[in-house]
Amino acid sequence: MGTTTMTKAAGTASHHGHEGPRSAHRGLSVRSRVLAGMLILMTLAFAVTGTVVYLLQVKTMDARINDSLKRSVREFQVIAAHSAEAATAAEPLTAEALLYTAIQQNLPTRHEGILSLVDNEVRWTAPSIVQIRLEADPEFVAWAANEASTDQIVLQTVTTSLSSYRAVNVPLALSGSAPPAQLVLAYDYTAEKQALNRGFVMYMAVGIIVLLAAGAVGWLLVGKFLRPVALLRETARSISESDLSQRIEVVGRDDLAELTITVNAMLDRVQNAMVSQRQLLDDVGHEMRTPVTIIQGHLELMDGTDPEEVDQAREIALSELDRMSVLINDLVTLATSNSEDFVNPVPTHIGTLLDDLLDTARPLGDRQWRIGHRAEAKVNIDPQRITQAMLQLCSNAVKFSATGSTITLGTNLTTDEANTPVLRLWVRDDGVGINPEDQARIFERFGRGRNSKRTEGSGLGLNIVSAIAEAHHGYVSVSSDVGIGSTFVIEVPTAVEPEGEAVGSDTDH
């Protein structure tokens, strides 16, 4: 019962795991989010700018209305002073005459009105061309007659059911027996505010149109800018294990172009890794199949009752297993060559390193071992990996040279085109040499020259040497003449601390 439940749950999880990416809710696209963010920022900018401008305009409007009313009061005071000077005993100055003169000589601006009261009754009103009719608002007239100050000029706000006013009342007191008179000037504040609001509404309408236009243009521009991302997605979908050749077209010189170049470089590395992996599997399968076939064939044909034949089959099997062990170890070395800790450079005395190399290489074969040139300096390399590479080159030199022939080791310090110090290490032999057409492929995995034997080594030695050189940001090369010999050179850029003069005679290499 428990087994059935576990199987069903596993099947459900597998089904959900397969369908999960397809059924997952897709959020807003990058294009939509970028556009939404842009529009939100523009809207906030419009709102903040509009609000600040609106408040400043309201403040400016209030100051303008107050200044206009104060100026009108001063003009009335000037008219009153001139009228008082012109008055005579025969024609004394009266409040009604003064108010009439003031109204005739005062032309209110838009949204401004004027009227005069004598004995709390409306006496003179503004000319008919004036739009604001203060006398048409009973509440305002009642305020002027009953509540306005009669002893001083006061600027204040008056609110009625019809409108709101910014008003000033100018009382007149020509003689003690004359009835109270006053001149009232007022701005229709509500009308002024509505005019300002209409301008702000127009601003909002223009802002909405601009936002819509910016959204349409932004949608097209963002789509154009994000086209490489869409191409990246389409290319990623089209890439399969059998086809890694798709690349994204690089457009422009911006950040997205750099992203495209980076992704293309990544695809190149992935393709190279996949090709290298397939080649490795094919080569390993081919190389491992040979010893397995040999062992299997001898065991199948072996006569178990014949001790001599059993010993012969055993020796052959052990020999092939040893070769398989070497092949496996070399493959493990190559598998770790791409890791960051494959080489660990440390300050190393290359003179001492060369002496140690010579001592270690002597047991490899009966040859005339010598040092052609030795540089005395401390360099930043991985001595163990360099020793491994040089011993591999020495082993190859022994394999393809005659007994008693000369094998020369050497080091040298030089600089490249960028004036960077370069360490050169080489191994020269007097062996059979390498055909020109084989010199490029011998550094490939399982690459062999025509004069090599398949049973000699794993076919990975020079490929390991190349990997060690590349891990030091350098390379390995060969120059060879058939029947004369070969010279393998490892060149790696490195930091150098000179310690003395180089010694040796073989300065040509």
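Note that the structure is predicted; figures quoted are calculated from it, not measured.

About the criteria used
Residues numbered from 1 in each chain as written. Predicted model: local features only at pLDDT ≥ 70, side-chain atom pairs only at ≥ 80, totals over all residues. Heavy atoms only, no water. Buried < 20%, exposed > 50% of the residue type's maximum accessible area, 1.4 Å probe, protein only. Helix = DSSP H or I, 4+ residues; strand = E, 2+ residues; numbered from the N terminus. Arc of directions from axis to C-beta. Contact = heavy atoms within 4.5 Å. Axes fitted to C-alpha atoms, helices over the stretch in contact; angles between N-to-C directions. Parallel < 35°, antiparallel > 145°, perpendicular 65-115°, else oblique. Left-handed = near helix turned anticlockwise from the far one by under 90°. Nonpolar A, V, L, I, M, F, W, Y, C, P; charged D, E, K, R; others polar. Salt bridge = Lys/Arg side-chain N within 4 Å of Asp/Glu carboxyl O. Pairing = 2+ DSSP bridges. pLDDT = per-residue confidence, 0-100.

Overview of helix α3 (residues 95-105)
Alright, step 1. Within the span of α3, buried status applies to Ala-95, Leu-98, Leu-99, Ala-102 and Ile-103. Around the axis of α3, the buried residues are gathered within 130 degrees of arc, so they sit on the same side.
Alright, step 2. Next to the buried residues of α3 lie α2 (30-86), β1 (112-118), β2 (121-125), β4 (164-172) and β5 (181-188).

Digging into the packing of helix α8 (residues 307-335) against helix α11 (residues 461-471)
Alright, step 1. Where α8 meets α11, the closest approach of the two axes is 10 Å, and the angle between their N-to-C directions is 20 degrees. Considering the angle they form, α8 stands roughly parallel to α11. Classified by chirality, the crossing of α11 by α8 is left-handed. Only Asn-463, Ile-464 and Ala-467 of α11 make contact with α8, whose side of the interface consists of Asp-330, Thr-333 and Leu-334.
Alright, step 2. Looking at the contact of α8 with α11 residue by residue, the class counts come to three nonpolar, two polar and one charged.

Concerning the pattern of salt bridges
Alright, step 1. Under the counting rule described, the total for this entry stands at six salt bridges.
Alright, step 2. One salt bridge connects Glu-96 with Arg-123, and the closest N-O pair in it is separated by 3.4 Å. Residue Glu-96 is found in helix α3, and its partner Arg-123 is found in strand β2; the two are separated by 27 residues along the sequence.
Alright, step 3. A salt bridge links Asp-355 to Arg-374, with the shortest nitrogen-to-oxygen separation between them at 2.4 Å. Here Asp-355 is found in helix α9 (residues 350-361), whereas its partner Arg-374 is found in strand β7 (residues 368-374), with 19 residues between them in sequence.
Alright, step 4. One continuous salt-bridge network, built from bridges that share partners, spans Asp-355, Arg-374 and Glu-376.

Re the pairing of strand β3 (residues 154-159)
Within a regular beta strand, the side chains point alternately toward one face of the sheet and then the other, so they alternate between its two faces.
Alright, step 1. Here six bridges tie β3 to β4, and the two strands are oriented antiparallel to one another. Residue pairing across strands places Gln-156 opposite Ala-167, the latter belonging to β4.
Alright, step 2. Here β3 folds back onto β4, and the loop between the two strands holds four residues.

Some details on the confidence of the model for the chain
Alright, step 1. Scored by pLDDT, the chain has a mean of 81; 86% of the residues are at 70 or more.
Alright, step 2. For the stretch residues 505-509, pLDDT sits under 50, and the model shows 12 contacts to residues farther than four places along the chain or on other chains.

Brief notes about unusual backbone geometry
Alright, step 1. You will see that His-111, though not glycine, has its phi angle at about 70 degrees, which is positive.
Alright, step 2. Residue placement: His-111 occurs in the loop between α3 and β1.
Alright, step 3. Its identity is not glycine, yet His-473 carries a phi of approximately 65 degrees, on the positive side.
Alright, step 4. Positionally, His-473 belongs in the loop between α11 and β11 (475-481).
Alright, step 5. Using a relative accessible area of 69% as the deciding quantity, one classes His-473 as exposed.

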